Amino acid sequence: MATVFEGAQQQLRAVQNILKLDETTIRQLMHPKRVVEVALSVKMDDGSVNVYTGYRSQYNDARGPFKGGIRFHPSVTADEVKALSAWMTWKTAVVDIPLGGAKGGVAVDPKKLSSGELERLSRAYIRALAPFIGPDIDIPAPDVSTDPRIMGWMLDEYEEIIGRKAPGVITGKPLSIGGSLVREYATAQGAFFVIDELTRQYHLSKGTTVAIQGFGNGGSFLAQILADAGYAVVAVADSQSSLYKEDGLDVTEIIKHKKVTGALKNCVGCEALPSEAILSVPADILVLAALENTIHSGNQREVRAKYIVELANGPVTPEADGQLFERGVIVVPDILANVGGVTVSYYEQVQNAANFYWEEQEILAMLEKAMRRAFGAVALYQERYNTTYRMAGYVLAVERVVRAMRDRGRL
Ligand code: NAD
């Protein structure tokens, strides 16, 4: 079976055929520019020392400094961060922000660390990576199991090392030290603009029904934004259960219920179903905001929605993607649907560079313009090449990266 990174490389081969790229060009695009692997020694609370493996894959910086998150997870490998860094390169290109692609991570289970151990690990990671990052070089951000608090420690460590302020070295920071308004719900807000464009493109009426799998940071914000805009959010699911109501759920109530009880189940006035039932509820649009590989060839037939929006990274397997296409289901891919987060990260960096901070409405207006434009560009390529939105996104992104590489004389 192909590794995740080999899968990312196969996607490039498909793009090569469409764009008729020569072998030299494709070989330059096939590999990260640099991958750093570091051993991180961390003093534990009991006085012992643990050594963790950390990575940073800097994939492509033709369009601007490398950009991508840092994840703390036991399954992190060099192969995984390389694949994720390639996808970041395509994402920043699709939304046309002047950044490249990178990803980092540490193979660790952060739930097993105390707060002090987590802080020492975060600082150790940045000490090891400091020679390779910077506001004009490579800008990390939060990802799986990392958050603004960790970004704050990392920024502090970096500034101590270089002896001056450099808030733009990392994004997703707390507001008090240079974070941006909107960042907290940027991914969901970006997905909302994409869904809104989708409904225009396919002439769906107001009151379009939506089901959302995953009720965490991305899914719950999106449910609220959609409900506020007049969409009927008919179903939501977390890892334990789904809630369904034919004429639309009271999303505000459900968010409150989840905050208080920690779960979706037992929410008064909604029909509770098993978690996986979300995939087959009757809804126009199914948003996948949980995990990767959720829809595969074994269950893609259950999907009744005509449109799927990938807020999560890689929730539809390549095999299922082809089968859904055959069935006429339109999939809006992750590299378009979830770029709102990295887009506001870019705005955060611009504010840091100017040392001047925008109002929430100003950031929202810029995000809306960027997302609607990105959707339009991908939709144009989808028609031009008579292909899926996913392939159209890749073709657009690779074309933009190749153009920058040519203009630099690298090709
Ligand atoms: P999260 O951890 O806050 O939420 C995940 C949600 O998915 C939880 O409600 C969890 O209960 C649910 N879930 C897990 N397994 C499930 C299952 N089998 N069935 C139904 N629900 C299940 O994560 P998040 O930040 O919302 O991110 C979700 C996805 O979006 C991830 O793939 C992430 O990489 C991607 N993403 C998030 C952001 C962001 O800014 N939050 C940005 C880009 C991409």
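What you are looking at is a predicted structure, and each value in this text was computed from that prediction instead of being measured. (Residues numbered from 1 in each chain as written. Predicted model: local features only at pLDDT ≥ 70, side-chain atom pairs only at ≥ 80, totals over all residues. Heavy atoms only, no water.)

(A) Structural detail: the pairing of strand β10 (residues 285-288). On β10, burial covers both faces: Ile-285 and Val-287 on one face and Leu-286 and Leu-288 on the other are all buried. Across four bridges, strand β6 (residues 209-213) lies against β10 in parallel orientation. Residue pairing in the sheet places Ala-211 in a bridge with Leu-286 of β10. Here four bridges tie β10 to strand β11 (residues 307-310), and the two strands are oriented parallel to one another. When the bridges of β11 are listed, Leu-286 appears paired with Ile-308. (Buried < 20%, exposed > 50% of the residue type's maximum accessible area, 1.4 Å probe, protein only. Helix = DSSP H or I, 4+ residues; strand = E, 2+ residues; numbered from the N terminus. Pairing = 2+ DSSP bridges.)

(B) The arrangement of the site of the ligand in detail. In the vicinity of the ligand there are 18 residues, among which Thr-187, Phe-215, Asn-217, Gly-218 and Asp-238 approach most closely. A distance of 3.0 Å is found between an oxygen atom of the ligand and a backbone nitrogen or oxygen belonging to Phe-215. Asp-238 is positioned such that a nitrogen or oxygen atom in its backbone is 3.2 Å from a nitrogen atom of the ligand. Look at the ligand: alone it shows 830 Å² of surface, and the protein chains cover 69% of it. Of the residues in the shell around the ligand, the class split is seven nonpolar, ten polar and one charged. (Near = heavy atom within 4 Å. Polar contact = N/O pair within 3.5 Å; in protein donor to acceptor, adjacent residues only side chain to side chain. Areas by Shrake-Rupley, 256 points an atom, 1.4 Å probe, with all protein chains shown as cover. Nonpolar A, V, L, I, M, F, W, Y, C, P; charged D, E, K, R; others polar.)

(C) Examining the domain arrangement of the protein chain more closely. Considered domain by domain, the protein chain is made up of domain 1 (32-169) and domain 2 (185-332). Domain 1 and domain 2 are separated by 30 Å when their C-alpha centres are compared. (Domains from an automatic or database assignment.)

(D) Representation of the sheet that holds strand β3 (residues 66-72) within the structure. The strand order across the open sheet formed by five strands is β1-β2-β4-β3-β5, and the pairing between neighbours is mixed. Edge positions in the sheet fall to β1 (34-43) and β5 (138-142), since each has one partner strand and no second. Within the sheet, the average angular offset between the axes of one strand and its neighbour, ignoring direction, is 20°. Two elements, β3 and β5, share five bridges in a ladder whose sense is parallel. Within β5, the residue paired with Phe-66 across the bridge is Asp-138. Relative to β1, helix α4 (residues 115-129) is tilted by about 140°, and along the sheet it contacts β1, β2 (49-60), β3 and β4 (101-106). (Axes fitted to C-alpha atoms, helices over the stretch in contact; angles between N-to-C directions. Contact = heavy atoms within 4.5 Å.)

(E) Molecular detail of the pattern of salt bridges. Enumeration according to the criterion identifies 27 salt bridges in this entry. The partner of Glu-368 in a salt bridge is Arg-372, with the nearest N and O atoms 2.8 Å apart. Here Glu-368 and its partner Arg-372 are both found in helix α12 (residues 360-384), four residues apart, which amounts to about one turn of the helix. Owing to a relative accessible area of 30%, Glu-368 belongs among the partly exposed residues under this scheme. (Salt bridge = Lys/Arg side-chain N within 4 Å of Asp/Glu carboxyl O.)

(F) Inspection of the environment of Val-332 at higher detail. Summarising the element assignment, Val-332 is placed in strand β12 (residues 330-332). In this structure Val-332 comes out as buried when scored by relative accessible area, which is 0%. In the structure, Val-332 is positioned 137 residues away from Ile-195 in sequence and 8.8 Å away in space, judged by C-alpha atoms. Once residues lying within four places of it in the same chain are set aside, the contact partners of Val-332 are Val-194, Leu-198, Ile-308, Val-309, Glu-310 and Ala-337.

(G) Local environment of helix α8 (residues 251-261). Residues of α8 that are buried: Val-251, Ile-254 and His-257. The arc that holds every buried residue of α8, seen down its axis, measures 120°, which confines them to one face. For α8, the exposed residues lying more than 90 degrees away from the buried face are Lys-259 and Val-260. Lining the buried residues of α8 we find α7 (217-228), β7 (232-237) and β8 (241-244). Looking one or two residues past α8, Gly-262 carries a phi angle of roughly 80°, positive in sign. (Arc of directions from axis to C-beta.)

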